[in-house]
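Each chain, written out:
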Amino acid sequence: MTTFVPKAAVPQPQGKGIISFSHTNVPRHIAIIMDGNGRWANAHGLPRSAGHQAGETALMDTIAGAIEAGVTHLSVYAFSTENWKRSPSEVRFLMGYSREVLRRRRDELNKWGVRIRWSGRTPRLWRSVIKELQEAEALTRHNREFTLVMCVNYGGRAELADAMERIGERIEAGELKAKAITEQTIARHLYIPDLPEVDLLIRTSGEQRISNFLLWQCAYSELMYVPEPWPEFDRHTLWRCIENYGARDRRFGGAVDTVATATSDT
Ligand code: IPE
Ligand code: IPE
Ligand code: MG
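On a predicted model such as this, the values are computed, not experimentally measured, just so you know. (Residues numbered from 1 in each chain as written. Chains lettered and ligands numbered in written order. Predicted model: local features only at pLDDT ≥ 70, side-chain atom pairs only at ≥ 80, totals over all residues. Heavy atoms only, no water.)

Enquirer: Just to check I follow, could you spell out the packing of helix α2 (residues 48–69) against helix α7 (residues 235–246) for this structure?
Expert: The packing of two helices is summarised by the inter-axis angle and the distance between the axes. Put simply, α2 and α7 touch, their axes get as near as 8 Å, and they point 45° apart. One way to sum up the angle between α2 and α7 is to call them oblique. For the pair α2 and α7, the crossing hand works out as right-handed. Here D61, T62, A64, G65, A66, E68 and A69 of α2 come into contact with α7, specifically with R235, L238, W239 and I242. (Axes fitted to C-alpha atoms, helices over the stretch in contact; angles between N-to-C directions. Helix = DSSP H or I, 4+ residues; strand = E, 2+ residues; numbered from the N terminus. Parallel < 35°, antiparallel > 145°, perpendicular 65-115°, else oblique. Left-handed = near helix turned anticlockwise from the far one by under 90°. Contact = heavy atoms within 4.5 Å.)

Enquirer: Looking at this model, I keep getting lost on helix α3 (residues 88–111). Mind explaining?
Expert: Three- or four-residue spacings in an α-helix give side chains the same orientation, since the helix completes a turn every 3.6 residues. For α3, which comprises 24 residues, the first-to-last C-alpha distance of 35 Å matches the rise-based estimate of 34 Å (1.5 Å per residue) to within 8%. Along α3, the sharpest change in direction is near 45° and occurs at R105. Here α3 has its buried residues at E90, V91, L94, M95, G96, Y97, S98, V101, L102, R105, R106 and L109. In this fold, the buried residues of α3 make contact with α2, β4 (73–80), β5 (114–119), α4 (127–140) and β6 (146–154). At the C-terminal side of α3, G113 shows a positive phi close to 85°. (Expected span 1.5 Å × (residues − 1). Bend = angle between axes of the 7 residues up to and from the residue. Buried < 20%, exposed > 50% of the residue type's maximum accessible area, 1.4 Å probe, protein only.)

Enquirer: Explanation requested: the site of ligand 2 in the structure shown.
Expert: Lining the immediate surroundings of ligand 2 are I33, M34, D35, Y77, A78, F79, N83, R86, R203, R209 and S211. R86 is positioned such that a nitrogen or oxygen atom in its side chain is 3.2 Å from an oxygen atom of ligand 2. For ligand 2, the protein covers 77% of the area, taking 390 Å² as the surface of the free molecule. At 3 residues, the largest contribution of residues to the shell around ligand 2 is made by β4. When its residues are assigned to classes, the shell around ligand 2 shows 5 nonpolar, 2 polar and 4 charged. (Near = heavy atom within 4 Å. Polar contact = N/O pair within 3.5 Å; in protein donor to acceptor, adjacent residues only side chain to side chain. Areas by Shrake-Rupley, 256 points an atom, 1.4 Å probe, with all protein chains shown as cover. Nonpolar A, V, L, I, M, F, W, Y, C, P; charged D, E, K, R; others polar.)

Enquirer: Explain the state of the cysteines to me, please; I cannot follow it from the model alone.
Expert: The term disulfide refers to a covalent linkage connecting the sulfur atoms of a pair of cysteines. The final tally for this structure, using the stated rule, is 0 disulfides. Between C218, a free cysteine, and C151, which holds the nearest cysteine sulfur, the sulfur-to-sulfur gap is 9.8 Å. Overall, C218 belongs to the buried group, its relative accessible area being 9%. (Disulfide = S-S within 2.5 Å.)

Enquirer: Please clarify how the site of ligand 1 should be interpreted in this entry.
Expert: Taken together, 13 residues sit near ligand 1, with D35, G38, R39, R48 and R86 positioned nearest. Within the backbone of N37, a nitrogen or oxygen atom sits 3.2 Å from an oxygen atom of ligand 1. Within the backbone of G38, an N or O atom sits 2.9 Å from an oxygen atom of ligand 1. At the level of elements, α1 (37–43), α2 and α3 are the ones that each hand at least two residues to the shell around ligand 1. A per-element tally of the shell around ligand 1 places α1 first, with 3 residues. Split into classes, the residues belonging to the shell around ligand 1 amount to 3 nonpolar, 5 polar and 5 charged.

Enquirer: How should I be thinking about the sheet that holds strand β7 (residues 200–203) in this particular structure?
Expert: What holds strands together in a sheet is hydrogen bonding between their backbones, with the strands either parallel or antiparallel. A sheet is described by the order of its strands in space; here 6 strands give the open sequence β5-β6-β4-β3-β7-β8, paired in parallel fashion. In the strand order of this sheet, the two ends are held by β5 and β8 (222–225), each with one partner. Strand-to-strand, the axes of this sheet are offset by a mean angle of 20°, without reference to chain direction. Note: β5 against β6, 6 bridges, orientation parallel. In the strand pairing of β6, I116 is matched with L148. (Pairing = 2+ DSSP bridges.)

See below:
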């Protein structure tokens, strides 16, 4: 059982008492598919936009909880390369709201010691959103302990295609030989090359799919699907996931570490 000493700058949960949970190991990098805003809003008789707005509180509480738990990287899926298929009014709302949240929350996040980074594609993304993302990156670039990756206009296939394009350009320029391409070459050409692999991928709202999120980085991540829609997620839900993660046995393709499982071909 670990009792966390709350970090001074990070706000504490309201009325939930001492912060403690048992765990054996905390994932270094957690990725979250923040899903279910629309269904949550619908269930409350509200427009979809109100569901996205309710997700802001969930995000801030989850970031605070991740910092307290000792997670170092949190990647959140805010807008996918496929989300352009939504109605023009929802796309407009999501773009405007992302811009507003970044502007409104960046100082607070900076005080918490959060380094904000953007992962995603430039084409189609509103210029004003890119500007807010870049300003948040510049403001928080000195923070070292915790990184929040905002995945906006992000797609796992788009990221790999963009990496291949840059590798192809280097081959054309004579800087690289096709034969010299390794997994490390590809990793070095991703949007954030120094981002560690994802240890734990959480998706809210009960859907059990990856939906094109961090395809390369999730090769060996533990998958966790929780029933709560994103607006109902908070640090306590996150800590439950971290506890569950601590009980899992990650093998990365290796053998189960016990004699009892030996079979006749050994
Ligand atoms: C996730 O919630 C937010 C985004 C994809 C931007 P949804 O908007 O997908 O909510 P559901 O899945 O329709 O309930
Ligand atoms: C994934 O959710 C994208 C984000 C959370 C930003 P979607 O709601 O877009 O995914 P699908 O369509 O259910 O697979
Ligand atoms: Mg959805």
